[in-house]
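For reference, the chains in residue letters:
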Amino acid sequence: MLRLHLQLINVAFLIAIGFCSVSSDTRPKSYDYYRLPTSLKPELYTLKIMTKLEDPSNLMFAGEADILFKVLSDTDNITLHVQNLTIDEKRTELKKDDDNSLLYCIKDVTISEEHDYYIINLCQPLRKDELFKLTLAFKAPLNQRLHGYYRSSYIEKATNRTKWLSITQFEPAYARSAFPCFDEPNYKAKFKIWLGHHNALTALSNMPLERQELISELPDYVWSIFEESVPMSTYLVAYSVNDFTYKSSGDNRVMFRTWSRPEAMNQCDYAAEIGPQLLMFYENRFGIKFPLQKLDQIAIPDFEAGAMENWGLITYRETTLLFAPNVSSESNRERIATVIAHELAHQWFGNLVTMKWWSDLWLNEGFATYISNLGVEHLNPDWELLNEDTIDNILGVFKYDAHINSHPISQPIEATNQISERFDTISYKKGSAVLRMLHMILGEEAFFEGIRHYLMINKFGNAEQDDLWKAFTDRAHLYKRIDVKYNMKTIMDSWTLQVGYPLVKVIRDYNTNSVEISQQRFLLNNSLSVDDNDKCWWTPLSFTTATKKDFSTNNPLNWLECSEGKSSVKIILNNIANKEEWVLFNVQMSGLYRVMYDENNWILLNQTLNSNRYDDIHVLNRAQLIEDILSLAWGAYIDYNIPLDMLQYLRKENKYLPWYTALQSLANVDRLLKNFPNAYGFFSKFLVDIIVPVYNSLDGLNNTLKESEISHVKLKHKMLMSKWACYLKINDCVQTAVKYFQEWKQSSVNRIPVDSRAIVYCTAIRHGDRSDWEFLWQRLQASNVATERRTLIQALSCSRNSTLLKNYIDLIFDEHKYIRQQDSAAAFGAVARNEVSFSIARDYLIEHIDQLHEFYGPTSHDLTSLLSSVANQIVNVEDSNAIQLLLDRKSEFFKEYQKSVSNALETIHLNIGWIGRNIDTLQTYLAKRTLGG
């Protein structure tokens, strides 16, 4: 007891008095593998962390880690991870677990900076199956980089004082910067966490609070001691010291609390309401109870990710947790519901069962993305979000994965600095889309039985994708969903282990009434010479015809198979349709592939769409046809005359999803064509022609219906059409928006309909003057609602005044943090998208690259976000060369994000190539249509 008491005193005084450290040898050593040695396995961490927040000029933490570990094979060293921690090596101790009196001899310490290895070399080897306890004392500043154990703050409106808090963000590999550890996901262990802090503050961690103890040597300080955790990976450890308040909800079995800064507590109601409902839905769906006794969700003022699924203490940006009635929009509500559903799904997929290594990150993120769609659908079926999420995920995959520089879902990761780039569209959206396709193949019962089996077999452990395929193969055979000669590993590996996705070519012979079906990889530029002959996907084929119109049967009727050599095998189908009727493949987009038909079948489909029978085709397949045909034109597989003819039908389309899909694709054309006034004039007239009827049918930007009188989907449709109408200056849209804005400006009472505000603000700033811009800037500084702040930040970029926009970029990165670091990349991106200020954003990136690198720090991906924002707008060789010179000059700034850089450069080349191929022909075609030629 005496020794424990002394340890507590030492830890309590670490910050107050500091400590000495012994220098370590940083010379390169023989062990240079990117993964830890497998000789040791941690069993229990006892962490004691003291945090002081009183002095803003010296925000520090200090601690002590007792690591109980088992020896799996004889070893003469202990290798673990340490990053940016000062270790007091005089206090390092190694003892056998069953003999507290015997200290083991430590020879020396070596450090491998490349892999963050802290290697304790021993005088004698540790023997297999023995248990040891390693004690390490450490300290570090609370950093400002939004990862590791870092600082955040907010200004208390009532006193105008800055209030400080501490918070963790350890995924993927930042736990090592907060305490010494075996910082890989397969090294699961239990954690006993002690947090030392001022007694006026609250301490939170993964587990419920067990007790508090006074620290006699530090007046007004206490230890908050938390219950021992379940086994978990280091990246899921979380703790915080703050002055927040909470709202309770849920049942008595799981204590559910939603935390925020006190002045935002009235924004917690929605999250507190839906969180327990989603938790219960998942428990019932998976047949496994949430294993903890409490679950906290907390809104952090400064947070880089959208949210983080830490077990029992989920951290969020304020925009993804807090909903302010009469200020936050319905799209904000939808986003909050989706993010909460995603993080709660992680409590099973990622927390209960964790991938063995980051190569299979998609097992966490793909599952959480897909399952969250089901969760939100359960909460609000009237939102019809399941179909929209399907479209949104697939559109994201189709765009990203058609780049040459894309990557497979599951791909080896051979350095820690490669992990962050994998948190991308492929892991999230392609992972989700592949799981949806698997769900369609297997059916409801087999799919969820497979999931339950996978979770039960691997709970509190780690898994890889082959474990998932085994669980699904057993169920697929049991329910006769696939032939016994096939297995899910063969089928699904073709989707997860290779880059890209297939373009299924459906070519009909109208004389023999047969259909030849083949596949190839789809690329955003079909003219590129790429050797993808070895690409083949096991592709489930579903189809219907103009006569059958069967859009309910979306399970596979046939398969495009791959030979043993993994090459594609064509198939011929006979007598599936009369020559006068269309055929349509990929019913309800159940498979992750595009479809290209022969010209006559496109004409037959077009005839139906441009008739009063357009809704004979399921709404998802109407969206699919639009997406496929526009992307085929974009990639130079077909001419633009076919899709532009087809899009005429949109004048009478009254459903949201086809319009959402069409305008997503047409926005890309708009983005490039607006640099060419003549062609853009004809294109904008084309857009006006198809948008006006639907805009008018939804009563424009006018607020003639109360929210309770309009469905969630119809409201989104109305806002989508209004956004484009104001952008294109259709009818009274601009005048209505400006009138709303000026009434607010004059009365200081905001009566603008909440869901119209983003459109009204942007339109009013676009057509306003400096006083309008400054009025909105003041509203931004005064706002207490994060969702509103995000809307205002975006709207301020809509100005046509280049001087205001230049000043705005300076304000985005100003040291006074008028705009938080977490919002800066999005703000910059909005400025870059504005054609008036693109060159300002481009020049700012080039001229301030050193300051931006310092602003974000060497491990942030935000610098590449700025690069991508500029790259997306580039349409000429001069700008391309300027970016290439920047990358050559500052290559060290981007060395850890080579995939992102490659994608940015590919985007530039695709833009320039598209302009070269299409500008003249599009202008000629659109001119003929406009002039009636």
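Within every chain, residues take consecutive numbers counted from 1 along the sequence as written. For this predicted model, a pLDDT threshold of at least 70 governs which residues receive local features, and a threshold of 80 or more governs which side-chain atom pairs are given and counted, while totals over whole chains, interfaces and linings are taken from all residues. No hydrogens and no water enter the side-chain calculation; it runs on all heavy atoms of the structure.

What follows deals with the nonpolar core. Take the buried residues of types Ala, Val, Leu, Ile, Met, Phe, Trp, Tyr and Cys, join any two whose side-chain atoms come within 4.5 Å, and each joined set is a nonpolar core. With a 1.4 Å probe rolled over the protein chains alone, any residue whose accessible area is under 20% of its type maximum counts as buried; one over 50% counts as exposed, and the rest are partly exposed. Counting 294 residues, the largest nonpolar core has Phe179, Phe585 and Ile691 as the members making the most contacts within it. A run of DSSP states H or I qualifies as a helix once it reaches four residues; a run of E qualifies as a strand once it reaches two. Both are numbered from the N-terminal end. A per-element tally of this core places helix 26 (residues 898-931) first, with twelve residues. Aside from chain neighbours lying at most four places away, what touches Phe585 is Val506, Ile517, Leu541, Ser542, Phe543, Leu573, Ile576, Val595, Tyr597, Asn621 and Gln624. With 23 residues, the next largest nonpolar core counts Tyr154, Leu165, Ala238 and Met308 among its residues. The contact definition used throughout considers only heavy atoms, calling two residues in contact when any of these lie within 4.5 Å.

Quick look at helix 4 (residues 362-379) now. An expected span of 1.5 Å times one less than the residue number is assigned to each helix. Over its 18 residues, helix 4 runs 25 Å from end to end, which matches the ideal 26 Å to within 8%, given 1.5 Å per residue. Burial runs high along helix 4: 16 of the 18 residues are buried.

Further remarks concern the UniProt feature "domain: Aminopeptidase N-like N-terminal" (unreviewed entry) in the protein. Within this structure's numbering, the places UniProt gives as "domain: Aminopeptidase N-like N-terminal" (unreviewed entry) are residues 41-236. Counting secondary structure, residues 41-236 comes out at 0% helix and 58% strand; the distance between its end C-alpha atoms is 17 Å. UniProt positions are given in the numbering used here, feature names are shortened, and annotations may be inferred rather than shown by experiment.

Next up on the list: the sheet that holds strand 8 (residues 117-126). Whenever strands of a sheet pair, they do so through backbone hydrogen bonds, lying parallel or antiparallel. Pairing between strands is defined by DSSP: at least two bridges between the two strands are required. On the basis of which strands lie adjacent, the open sheet formed by three strands has the order 3-8-7 and antiparallel pairing. Where the open sheet ends on each side, the last strands, each with one partner, are strand 3 (75-81) and strand 7 (106-112). With direction set aside, neighbouring strand axes in the sheet form an average angle of 25°. Taken together, the six bridges between strand 3 and strand 8 define a ladder with antiparallel strand orientation. Within strand 8, the residue paired with Leu80 across the bridge is Tyr118. Angles run from 0 to 180 degrees between N-to-C directions of axes, and those axes are lines fitted to C-alpha atoms, restricted for helices to the stretch in contact.

Moving on, we get to the pattern of salt bridges. We define a salt bridge as a contact between a side-chain nitrogen of Lys or Arg and a carboxyl oxygen of Asp or Glu at a distance within 4 Å. Per the stated rule, a full pass over the model turns up 48 salt bridges. Here Glu130 ties to Lys96 by a salt bridge, and the two come within 3.1 Å at their closest N and O atoms. Of this pair, Glu130 sits in the loop between strand 8 and strand 9 (131-141) while Lys96 sits in strand 5 (residues 93-96), and the two are 34 residues apart along the sequence. By relative accessible area, Lys96 is classed as partly exposed at 22%. Note that Lys745 and Asp772 form a salt bridge whose closest N and O atoms lie 2.7 Å from each other. You can see Lys745 sitting in helix 16 (residues 733-747) and its partner Asp772 sitting in helix 18 (residues 770-782), a full 27 residues away along the chain. Residue classification places Asp772 among the buried residues on the basis of a relative accessible area of 5%.

The geometry of an aromatic ring pair is captured by the separation of the ring centres together with the interplanar angle, meaning the angle of the planes. Note on aromatic pairs: the rings of Phe, Tyr and Trp (six-membered ring only in Trp) are paired at centre separations within 6.5 Å, and the planes decide the class, stacked below 30 degrees, edge-to-face beyond 60, tilted for the rest. Using the criterion set out here, one finds 59 aromatic pairs in the structure. Their ring planes at 55° and their centres at 5.7 Å tell us that Phe281 and Tyr282 sit as a pair that is tilted. In this structure Phe281 comes out as buried when scored by relative accessible area, which is 15%. When the centroid spacing of 6.1 Å and the interplanar angle of 85° are considered together, the rings of Tyr640 and Trp914 count as edge-to-face. Separated by 274 residues along the polypeptide, Tyr640 in the loop between helix 11 (619-634) and helix 12 (641-646) and Trp914 in helix 26 bring together distant segments of the chain. You'll find Tyr640 and Trp914 in the same group, each marked buried.

The element strand 9 is largely enclosed, with a buried count of eight among its eleven residues. Judged from the eleven bridges that link them, strand 2 (residues 60-71) and strand 9 form a sheet pairing that is antiparallel. Bridge pairing in strand 9 links Phe69 to Phe132. As judged from the two bridges shared by strand 4 (residues 86-87) and strand 9, these two strands associate in the antiparallel manner. Residue pairing for strand 9: Thr86 is matched across the bridge by Lys139. Here strand 5 pairs with strand 9 via four bridges, running antiparallel.

The next subject is the side chain of Ser631. Note that Ser631 resides in helix 11. Looking at Ser631, the relative accessible area reads 11%, which means it is buried.

A word on the domain arrangement of the protein. By convention here, the domain bounds are inherited from an automatic or database domain assignment. Partitioning the protein into structural domains gives domain 1 (40-243), domain 2 (353-497), domain 3 (501-622), domain 4 (675-798) and domain 5 (802-918). Each of domain 4 and domain 5 has a C-alpha centre, and these two points are 26 Å apart. Tallying the contact residues gives 15 residues for domain 4 and 17 residues for domain 5. Here the quantity called buried area is the total loss of accessible area, with a 1.4 Å probe, experienced by two parts when brought into contact, counted for both. Carbon and sulfur atoms make up 61% of the surface buried where domain 4 meets domain 5, a total of about 1,500 Å² over both sides. Summed over the shared surface of domain 4 and domain 5, the result is two salt bridges. Note that Asp823 is salt-bridged to Arg790, the shortest N-O span being 3.3 Å. Any N or O atom pair separated by 3.5 Å or less is treated as a polar contact, with the protein-specific requirement of one donor-capable and one acceptor-capable atom, and with residues adjacent in sequence counted only for side-chain atom pairs. Linking domain 4 with domain 5 are five residue pairs in polar contact (both at pLDDT 80 or more), by the criterion used here.

Of note, the amide linkage connecting Glu171 to Pro172 takes the cis form, showing an omega dihedral of 5°. Inspection of the secondary structure puts Pro172 in the loop between strand 11 (161-169) and strand 12 (190-198). Positive phi values are uncommon outside glycine, yet Asp220 reaches one of about 70°. Here Asp220 shows up in the loop between strand 14 (209-214) and strand 15 (221-226). The exposure class of Asp220 is partly exposed, given its relative accessible area of 46%.

With 13 residues, helix 25 (residues 877-889) ought to run about 18 Å at 1.5 Å a step, and its terminal C-alpha atoms sit 18 Å apart, in line with that. All of the buried residues along helix 25 are Asp879, Ser880, Ile883, Leu886 and Leu887. Along the long axis of helix 25, the arc covered by the buried residues comes to 120°, so they all point the same way. Across from the buried face of helix 25, at angles greater than 90 degrees, the exposed residues are Glu878 and Leu885. Buried-residue contacts for helix 25 involve helix 22 (838-847), helix 23 (849-856), helix 24 (862-871) and helix 26. The opening residue of helix 25 is Asn876, an N-cap whose side-chain oxygen sits 3.2 Å from the backbone nitrogen of Glu878. What the arc covers is the set of directions going from the helix axis to the C-beta atoms.

So, about the environment of Asn526. With respect to the secondary-structure elements, Asn526 resides in the loop between strand 25 (514-521) and strand 26 (539-541). It is 9.8 Å that separates the C-alpha atoms of Asn526 and Ile638, two residues lying 112 residues apart in sequence. When near neighbours in sequence (up to four residues on either side) are disregarded, Asn526 contacts Gln520, Gly635, Ala636 and Tyr637.

Attention shifts here to the environment of Leu728. Turning to its location among the elements, Leu728 is positioned in the loop between helix 15 (712-727) and helix 16. Exposure remark for Leu728: the relative accessible area of 12% places this residue in the buried category. Residues in contact with Leu728, not counting those within four places in the same chain, are Tyr680, Ser684, Leu687, Val688 and Ile691.

A few words on the state of the cysteines. Working definition: a disulfide is two cysteine sulfur atoms within 2.5 Å of each other. Applying the stated rule across the entire model yields four disulfides. Residue pairing for Cys762: its cysteine sulfur links by disulfide to Cys798, the two sulfurs lying 2.1 Å apart. Between Cys762 and Cys798 the disulfide shows an S-S torsion of about -105°. By sign, it is left-handed. With Cys762 in helix 17 (residues 757-766) and Cys798 in the loop between helix 19 (786-795) and helix 20 (802-812), the pair connects residues that are 36 residues apart, well separated along the chain.

Here the focus is the packing of helix 19 against helix 21 (residues 821-833). A pair of packed helices is captured by two measures, namely the crossing angle of their axes and the spacing between those axes. Where helix 19 meets helix 21, the axes come as close as 9 Å, and the angle between the chain directions of the two elements is 30°. By the angle class used here, helix 19 and helix 21 are roughly parallel. Between helix 19 and helix 21, the contacting residues are Arg790, Ile793 and Gln794 on the first element and Asp823, Ala826, Ala827, Ala830 and Arg833 on the second. Among the residues forming the contact of helix 19 with helix 21, the class breakdown is four nonpolar, one polar and three charged. Just so you know how the angles are binned, under 35 degrees is roughly parallel, over 145 roughly antiparallel, 65 to 115 roughly perpendicular, and the rest oblique. Residues are grouped as follows: nonpolar covers Ala, Val, Leu, Ile, Met, Phe, Trp, Tyr, Cys and Pro; charged covers Asp, Glu, Lys and Arg; every other residue, Gly included, is treated as polar.

Remember that side chains alternate between the two faces of the sheet whenever the strand is regular. Looking at chain direction, strand 14 and strand 15 are connected through five bridges and run antiparallel. Bridging across to strand 15, Arg211 finds its partner in Ile225.

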